[in-house]
Amino acid sequence: MTIKEQQDEIIGDFEFLGNWDDKYEYIIQLGKELAPMDPKYKIDENLIRGCQSRVWMHPDYKDGSITFTADSDAVITKGLVSLVINVLSGHTPKEIIDADLYFIDAIGLSSHLSPTRSNGLLSMVKQIKLYALAFQAKSLQS
Amino acid sequence: MTIKEQQDEIIGDFEFLGNWDDKYEYIIQLGKELAPMDPKYKIDENLIRGCQSRVWMHPDYKDGSITFTADSDAVITKGLVSLVINVLSGHTPKEIIDADLYFIDAIGLSSHLSPTRSNGLLSMVKQIKLYALAFQAKSLQS
Amino acid sequence: MHDSVTIKDSNVLDVEKVRKDFPILSTLVFGHPLVYLDNAATTQKPEAVLNAMDEYYHTINSNVHRGVHHLSQLATDAYELARKKIAEYIGARHAHEIIYTRGTTESINMVAAIFAKRYLKAGDSVLVSGMEHHSNIVPWQMACEERGATVKVIPIDGNGELVLDGLDKLLSEGVKLVSVNYVSNALGTINPVRDIIRAAHRHGIPVLLDAAQAVQHMEVDVQELDVDFLAFSSHKIYGPTGFGVLYGKEKWLNELPPYQGGGEMIKTVTFEKTTYNDLPYKFEAGTPDIAGAIGLGAALDYIQTLGLPAIRQAEHNLMAYALDALHEIEGLRMIGSSVNRAGVLSFLVGDIHPFDLGEILDKQGIAVRTGHHCAQPIMDLYCIPGTVRASLAFYNTPAEIDRLTAGIRKAMKLLK
Amino acid sequence: MHDSVTIKDSNVLDVEKVRKDFPILSTLVFGHPLVYLDNAATTQKPEAVLNAMDEYYHTINSNVHRGVHHLSQLATDAYELARKKIAEYIGARHAHEIIYTRGTTESINMVAAIFAKRYLKAGDSVLVSGMEHHSNIVPWQMACEERGATVKVIPIDGNGELVLDGLDKLLSEGVKLVSVNYVSNALGTINPVRDIIRAAHRHGIPVLLDAAQAVQHMEVDVQELDVDFLAFSSHKIYGPTGFGVLYGKEKWLNELPPYQGGGEMIKTVTFEKTTYNDLPYKFEAGTPDIAGAIGLGAALDYIQTLGLPAIRQAEHNLMAYALDALHEIEGLRMIGSSVNRAGVLSFLVGDIHPFDLGEILDKQGIAVRTGHHCAQPIMDLYCIPGTVRASLAFYNTPAEIDRLTAGIRKAMKLLK
Ligand SMILES: Cc1ncc(COP(=O)(O)O)c(C=O)c1O
Ligand SMILES: Cc1ncc(COP(=O)(O)O)c(C=O)c1O
């Protein structure tokens, strides 16, 4: 699936969810189901700032595309991380850099989530794009 | 005249004066008529703090009573100084220390004068009482 | 041993009536009536406070102290009357012992800077406690670093109480000043500050009390405490933001050098030599927060009309109710379990992250705070990422506590 | 050479309409309608400012930045929006170059303290001018004294203008920072700050502008000026008391150490090590004046709705009218006769003491300021005890100037 298709699918899923409880329940569920991160990557260098909760993220660049694994000590955060990773993981650096993440606004998350959370989400996306930029630079050099 | 009689006379004079212009005119007149101060006393040690204008005051202790001479660079201040001196000059230290200066309130000065002025007036009265205390202490020693 | 608080007057507070003085309390948040339990962060303001400030601006707004003109006189009078009210509220001997600041943080910074300048030398130390707010840690770190001095710490135990056994020894080792909070904003503990002050004074060491979480909850009398400095914030005691108080004993304030320079704080200025003004102006450079002072004065008036004993009683009852209600929640553990407490309930539920719990409460209109509450060292001590903190004011009700516990239960269901 | 100000837009200001926004202007003083000509000391506040603050307190009052909950979010948004408005108003590149302070005095003290800490050594100097407010003298004296540095002075001439002939030489003699006012509060002179900034930058020296008397009268663009620091007070630009701004170029703010320590300004705190927060928070310790920021934001909005060019034009016309009217009074002499002036008219009449004149004006409902206007060195230079200062805002009228001149004539009659 393209990044766009992935986002549209999430938007579809959320349209189905009525009130805030359902949305949160869904995000929490995603958080619980997020594939566990290899403990060796849960190190300070992989910490993302800007959250009240801690988020670790590790990028794996193979065969031209990046796969992310991540974890958080807060489950709602973990659910959000899961959403972002589902959308962006498995794509090329260029696709990630160019991605317009409209799903965050579209599913009404920004108005529901506390800005503290949204800021965390933004830091997360920013970090992912930085990784992508770094890998792109690397691949252009080689 | 006693300090009380002196005050009552001033209160009488002021009752005669209608509006604020007349009162100010009277005070200004007093300021202009204040006996000049010997220039040798217009020194920093004789300056009284707490006024926007400067006030110099010199006490002269002779035959058991204190005579004050004073000056100011502002004429309204000088008028006020004149009032206070007229009331307190020529009295014994004890009389001055014990004096209750009710005329200031009674002539409606405190509500008419700016507090900056009133504070200046209070500093002046305080300084006079300090002089009186000093002379009393001296006379008790000797 | 703890300071005990006597309730002089048991006037009952009519909470429904009192709530009408705070229109914001009937706000809806996400469709739910707001339950405001973040009072330790900042309190709401009664209409009387807003009216006092509006009236100031509408009728006498003018710069203070330096003016001949009528408005300036009236503004100065109102501004200085506030100082008298504040002095009275905390039992200061003189109004000029009240220094106006931006808040607790600035008050502490001021003392740290000028005390260090005059008295701290390399090798000296300043003693704080293990449960201080960052505002009572960082200024001392900065001042000490500059002088080659160090910050020492009174340890705390698992209940969130200070361990005073080693205090005498600590005090005898080069301590030049003790600075502790009266009530902890992270744990709610009321500290035995009388004991600390007495011990410090035995060693000839002055004490600063961070009373940011004390003055709004109980009677504080600086003379009776014999404390040397005391700091608090207007915005935490129903007054406006951006204003606060430093109390200092006249003797200390006279000895210490000024902090900031500028208008108001000087007597004479030439390019060669400047002489400083008398107290309190020596410490108040620049145009002050005139409306802020008047607003805090009005807040203290408001407290007096309710009566501090009545407030104390109402908050005491509510705290007992809340403790009972929270204890019934399975898996909930209090962080800080001192019996002497005021205002604050800090807790965790199972292994739910406080941020998650706080967010689900917020969606139900319940405002609590989550995180380290600017007291990271405590969180490190307990090895927790933070807590959920519900903090009470006299305008909170048992029904709001019920909303809180129901909200927690709902969050538990969602998050489990 | 002087900075010239272009009037982009000559929208005419409807003063009678505008006055309705300031209810205090219809106060009676001693039975006379107030003539408020003390705007350089503090301005009056439009209803829009008071309403914005009341609305804040009534609907979203909450502590900023640290909260998960809804009110805290809204408060944070409103508070940070004000920063953007301020940044825009003075043309700052980034909102995080705007540091919130208590006022001009604190802004200058902050720079003096942290700049001295990082850059001033014994033998260095700081250059100010001979027409500075005490708030731009004393902080430098204090900071320099601490470091063994000195304060040097750009001289002024008999017209009340800076003498810049020797500037290059002065700058080449160990000057580390230049701090001058844009507009003099005692004389009204608009200083040629572009020339000063250019000269200082040629020597690689940063410049702080005390814009306390500038930002309310004319467009100030920090990028176009290329100034390094700029300070002003909310209360002098129609905003609330107790609030102010320090602008600093990002580069400088990143290099300088923090000023006060506490909550908000740190990232992590342990008793061993504390790391500081990003800009602007590194310089904003403690709970800030949230309502103050929102109030200043509303004041700038208000100014924009009138239009700064229209304000400038109205004040320019009024100033010309006032100068003409005052010149007709025999024996009146202006103190400071620069043609480039804003806001302030400082004068003496015959040998009448300014305090006497001010008092007689006050009795007629006319509020002016008398004294040294916190600029004693100027008074010493002119050998005068002070001046009478009438200072204008856009809400003043020619009729009020007539009241002033009539009032002066009455005082002359009484005092002669
Ligand atoms: C030129 C100038 N600088 C500094 C100040 C000090 O401002 P504030 O008292 O608001 O700190 C003033 C006002 O009094 C001023 O006019
Ligand atoms: C105990 C304690 N000390 C200091 C502070 C700092 O107060 P402020 O942020 O008002 O300066 C607070 C509040 O946050 C506090 O709770």
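Below, the structure is looked at part by part. (Residues numbered from 1 in each chain as written. Chains lettered and ligands numbered in written order. Predicted model: local features only at pLDDT ≥ 70, side-chain atom pairs only at ≥ 80, totals over all residues. Heavy atoms only, no water.)

### Let's talk about the interface of chain B and chain D
Taken together, the contacts link 19 residues of chain B with 15 residues of chain D. Here chain B packs against chain D, burying approximately 1,500 Å² in sum over the two surfaces, 57% of which is carbon and sulfur. Looking only at chain B, the three residues that lose the most surface to chain D are Trp20(B), Gln52(B) and Arg117(B), adding up to 38% of its buried area. Summed over the shared surface of chain B and chain D, the number is 1 salt bridge. In this structure, Asp21(B) and Lys410(D) form a salt bridge, with 2.3 Å as the shortest nitrogen-oxygen distance. (Contact = heavy atoms within 4.5 Å. Buried area = accessible area lost by both parts, 1.4 Å probe. Salt bridge = Lys/Arg side-chain N within 4 Å of Asp/Glu carboxyl O.)

### Some remarks on the relation of the copies chain C and chain D
Once turned by 180° and shifted 0.0 Å along the axis, chain C lies on chain D with an RMSD of 0.0 Å. Given the turn and translation reported, the copies of this chain are related as if by a two-fold rotation axis. Mapped onto chain D, 100% of the interface residues of chain C are again interface residues, and the two copies thus contact each other with one and the same surface. (Least-squares fit on C-alpha atoms with pLDDT ≥ 70 in both.)

### Observations regarding the site of ligand 2
Residues in close proximity to ligand 2 total 13 residues, the closest being Thr105(C), Asp210(C), Ser233(C), Lys236(C) and Thr287(D). In the environment of ligand 2, an oxygen atom lies 3.5 Å from a nitrogen or oxygen atom belonging to the backbone of Thr104(C). Residue Gln213(C) places a side-chain N or O atom 2.7 Å away from an oxygen atom belonging to ligand 2. Protein coverage of the free-state accessible area of ligand 2, which is 390 Å², stands at 97%. The class makeup of the residues in the shell around ligand 2 is 1 nonpolar, 10 polar and 2 charged. (Near = heavy atom within 4 Å. Polar contact = N/O pair within 3.5 Å; in protein donor to acceptor, adjacent residues only side chain to side chain. Areas by Shrake-Rupley, 256 points an atom, 1.4 Å probe, with all protein chains shown as cover. Nonpolar A, V, L, I, M, F, W, Y, C, P; charged D, E, K, R; others polar.)

### A word on the site of ligand 1
By nearness alone, 13 residues border ligand 1, and Thr287(C), Thr105(D), Asp210(D), Ser233(D) and Lys236(D) come closest of all. The environment of ligand 1 is shared, with nearby residues belonging to chains C and D. Within the side chain of Asp210(D), an N or O atom sits 2.5 Å from a nitrogen atom of ligand 1. Within the side chain of Lys236(D), a nitrogen or oxygen atom sits 2.8 Å from an oxygen atom of ligand 1. Out of a free accessible area of 390 Å², ligand 1 has 97% covered by protein chains. More than half of the atoms of ligand 1 fall within 2 Å of the grid points belonging to the second largest cavity. Here the shell around ligand 1 is composed, by residue class, of 1 nonpolar, 10 polar and 2 charged. (1 Å grid on protein atoms, 1.4 Å probe; cavity = no way out; pocket = protein on both sides within 12 Å on 5 of 7 lines; lining within 4 Å. Sits in = over half its atoms within 2 Å of the grid points.)

### Some points on the arrangement of the chains
Most contacts, compared over the 5 pairs of chains touching, are made between chains C and D. Spatially, chain A and chain B are disjoint, and the shortest separation between their C-alpha atoms is 52 Å.

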